[in-house]
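Tertiary structure, described
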Amino acid sequence: MSLRSRLAASLPYLVLLAAAIWFYVLAGRISYSAAEGRLGPDAWPRAVLALLIAVCAYESLKRLVFGGGSVAGMLEAFLERSGEAGAGARVGIARLGGGIAATVAYVALVALLGFFLATAAFLAAFVRIGGYRRWGVALACGVVGSLALVVLFMKLVYVSLPLGAGPFRALSVALIGLLGIR
Amino acid sequence: MDVLGHLAGGFIAVFTPLNLLVLAVGLVLGLLVAVLPGLTLVMGVVLALPFTYTMDVTPAIILLTAMYVTGTYGGAFTAILFRVPGEPIDVPLLWDGYTMARRGEPARALGWTLFAALFGGLLAAVVMVAASEPVARLALALSSPDYFAIIVFGLTSVVSLGGGSVANALISLCLGLMFASVGIDETYGAERFTFGIPILSDGIEYLLVMVGAYGIGEVYTRLAQGYGTATLSGVGNLGTRLPRLAEVLGLKATLARSSILGILIGIVPGAGATIASFVAYGAEGQYGRRRAELGSGIPEGIVAPQTAATSSVGGAMIPLLTMGIPGSGATAIILGAFLLHGVQPGPQVFVDSPDMVYAIFASLFVAVLGMCVVGYAAIKLLVRVLELPEAIVSAFVVVFCFIGAFAARNNLTDLYVITAFGVLGFLFERYRFPIAPMVLGSILGPLAETTFITSMISYANDWTVFCTRPVAGSVMALSLAALVFPLLRHLRARRRIAARS
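Residues numbered from 1 in each chain as written. Chains lettered and ligands numbered in written order. Predicted model: local features only at pLDDT ≥ 70, side-chain atom pairs only at ≥ 80, totals over all residues.

Description of the overall build of chain A
This is how the line gets drawn: A run of H or I in DSSP becomes a helix once it reaches four residues, and a run of E becomes a strand once it reaches two; helices and strands are each numbered from the N terminus. Exposure classes come from backbone-placed C-beta atoms, where a residue is buried if 20 or more other C-beta atoms lie within 10 Å of its own, exposed if 12 or fewer do, and partly exposed in between. Remark: residues whose backbone-derived C-beta atoms lie within 7 Å of one another are considered to be in contact.
Scanning chain A for helices and strands turns up seven helices and zero strands. Tracing chain A from N to C terminus, the helices and strands come up as α-α-α-α-α-α-α. With 182 residues in all, chain A has 37% of them scored as buried. Within chain A, contacts between residues separated by at least 24 positions form 61% of all contacts whose residues are at least 6 apart in sequence.

Structure follows, in structure tokens:
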């Protein structure tokens, strides 16, 4: 294994190690007043962070010096033996990026558009990003699905969902009125 | 007699219209989730959470438990018929179940699966009822160091038994514990890692960690790999042929061995149906009468993993209800549901709410029976669900996750948090960090910290108390053994390879 690939293998652990050390220092700065001799609110996080630092230091050093070769958990060992451990599958970065962007946009817009409109748009967009080619079906899925979810959660399960703002709120209110939801 | 009386009351409670309705819904949803591409048992239980918010605690837990138990069975259909294991639990069913089906006996393979699930599920339910009260009485006598040691055992066993490497599992666990420590500290009221952000002062809800990492994370993983749609053939003449009594009696050793293994593995915190399924198959290969034929499509290879997987459910419910310690990913979410309803499972619930506990017990019996009836009658319809495009299913999963996260606190910022945990869940899957330790850490973190601090206060900061008290010391030794065990297995495997070469 080349030095470069060893460095790449140990990089996630080095990043975590640095973060853990930073948080350990931060934990020492937590302000509190406690009786003499009592453990403060920093004790537990520091104990956890000390363990995290030790594991990350060990793992990054091991990967730098020896490359891979981890001790697998029991389930991992079973799956490796059965050939069902799904490592190394190809990643469609564009698809994933599109999916994450659609999710973030949905979260950002749901307060403005309200649940019905934002969900209809999100469902249609996500179905397309997921590789389903028929636009009509994707759109129908969005509208019908969103309507069904509104009925299911607002009418049957009594969950309060965002109504949106401005004209979109008026639209949501009109819709739930039509559906007989109070 | 007291237990039987309570159980009879539990059955009466289950047969009230609302409880029976949620149980039926749980059965159907659990089977659908197990069959649907891209959905796992744990995800299914996560997705059902928002439906439980406005319910009472008893129907809420009945719904989730029904989904949990059916999730160990439904995946068998697609594994046996189409070589599509819904999740790792079903992998051992490929070896004999699929082989038997390919040999032209799919109905026989499905019949054995149904019988194994029925037998394992019912036996485990009986053991759960018989063992829970004594365990709860024992748990009532535990001190805080003992309790802390038991939590540590739960956390270390999820590290050593789970997926990924032990180091990665430890890192995942530490991250979960750290997420749980964000916010205002309960003892001193001090702010920890809030960075002046108001939403962080309320802490990071375990619900957001589990819904984000399990639900959204899995969707992102599947999205990155590319979705597919299964094309089914030969569904028209599907059926289930139950085994005859003589055939069942011939497998009594397998049934007994696998049930006991399943229940015991279920009880161990951190180990779940998947480990039970693999271990039972492995035990059959080691001790079974027809071990040499295993893998060639024999009933033993179907019965062993299926019996163990379903019986692990009853086992996993014991530590959950008696000590508040989840034995698997699904029970971690059921624990979350209990907490959302303001109920802390543990020995005290047997004293305060025996009606609820026994209704849950009774519901497991009814769920196992109902699961088999639905599985037998509706198999053709259930496997048709496999034809649903995964892209559509995943889009709805994301929305369900959002509703679940939003409805808990009516806070839109939580949606950003679960999206972030979704990305983290994807990265975990990608770099083979197991998610279960992080989720368990975020749920059990506050309890672990409280029992740790209480122990330190009660015993004047004497750290040795965790080793010198009989119960705490023994459980800590078990925790150490759980951590050392994978290392020893690894070294033995390396030595074996070296000896061979």
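Now that the structure has been shown, the text picks up again.
Overview of the confidence of the model for chain A
Here is the rule we go by: The quantity known as pLDDT measures the predictor's confidence residue by residue, on a range of 0 to 100.
Summarising the model, chain A shows a mean pLDDT of 85, and 86% of its residues fall at 70 or more. Within chain A, the lowest mean pLDDT, 63, falls on helix α3 (residues 74-82) of chain A, and the highest, 94, falls on helix α5 (residues 115-129) of chain A.

Quick word on the confidence of the model for chain B
Residues of chain B with pLDDT of at least 70 account for 96%, and the chain-wide mean is 87. Interface scoring of the predicted complex returns ipTM 0.88; its pTM is 0.82.

Comments concerning the interface of chain A and chain B
Selection rule: Amino acid classes used here: Ala, Val, Leu, Ile, Met, Phe, Trp, Tyr, Cys and Pro are nonpolar; Asp, Glu, Lys and Arg are charged; the rest, including Gly, are polar.
Taken together, the contact between chain A and chain B spans 61 residues of the former and 65 residues of the latter. Looking at the side of chain A that touches chain B, the element that brings in the most residues is helix α4 (residues 93-113) of chain A, giving nine residues. Its residues placed into classes, the side of chain A that touches chain B shows 42 nonpolar, 14 polar and five charged.

A closer look at helix α8 (residues 166-181) of chain B
All names here are of chain B. Using the following cut-off: Here a helix's expected span is defined as the number of its residues, less one, multiplied by 1.5 Å.
Counted at 1.5 Å a residue, the expected span for α8 with its 16 residues is 22 Å, and the 23 Å between its end C-alpha atoms agrees. Most of α8 sits inside the fold, with 16 of its 16 residues counted as buried. Positioned one or two residues after α8, Gly183 has a phi angle of 115 degrees, which is positive.

Thoughts on the environment of B:Ala256
All names here are of chain B. By secondary structure assignment, the location of Ala256 is in helix α12 (residues 252-267). Residue Ala256 is classed as partly exposed on the basis of its 13 C-beta neighbours within 10 Å. The sequence separation of Ala256 and Gly120 amounts to 136 residues, and the corresponding C-alpha distance is 8.7 Å.

As for the nonpolar core
As a reminder, the rule being used: Joining buried Ala, Val, Leu, Ile, Met, Phe, Trp, Tyr and Cys residues through C-beta atoms within 7 Å gives a set, and that set is a nonpolar core. Residue ranges for the domains trace back to a domain assignment, done automatically or taken from a database.
Grouped together as the largest cluster of nonpolar side chains are 238 residues, with contacts concentrated most on B:Val45, B:Leu64, B:Ile333, B:Ile334 and B:Val439. Examining the composition of this core, we find that 17 residues originate from one element, helix α6 (residues 106-140) of chain B, more than from any other. Both domains that meet at this core, namely domain 1 (3-82) and domain 2 (93-178) of chain A, each give it at least three residues. If near-sequence neighbours (up to four positions away) are discounted, B:Leu64 is found in contact with B:Val45, B:Ala48, B:Thr52, B:Ile333, B:Ile334 and B:Ala337.

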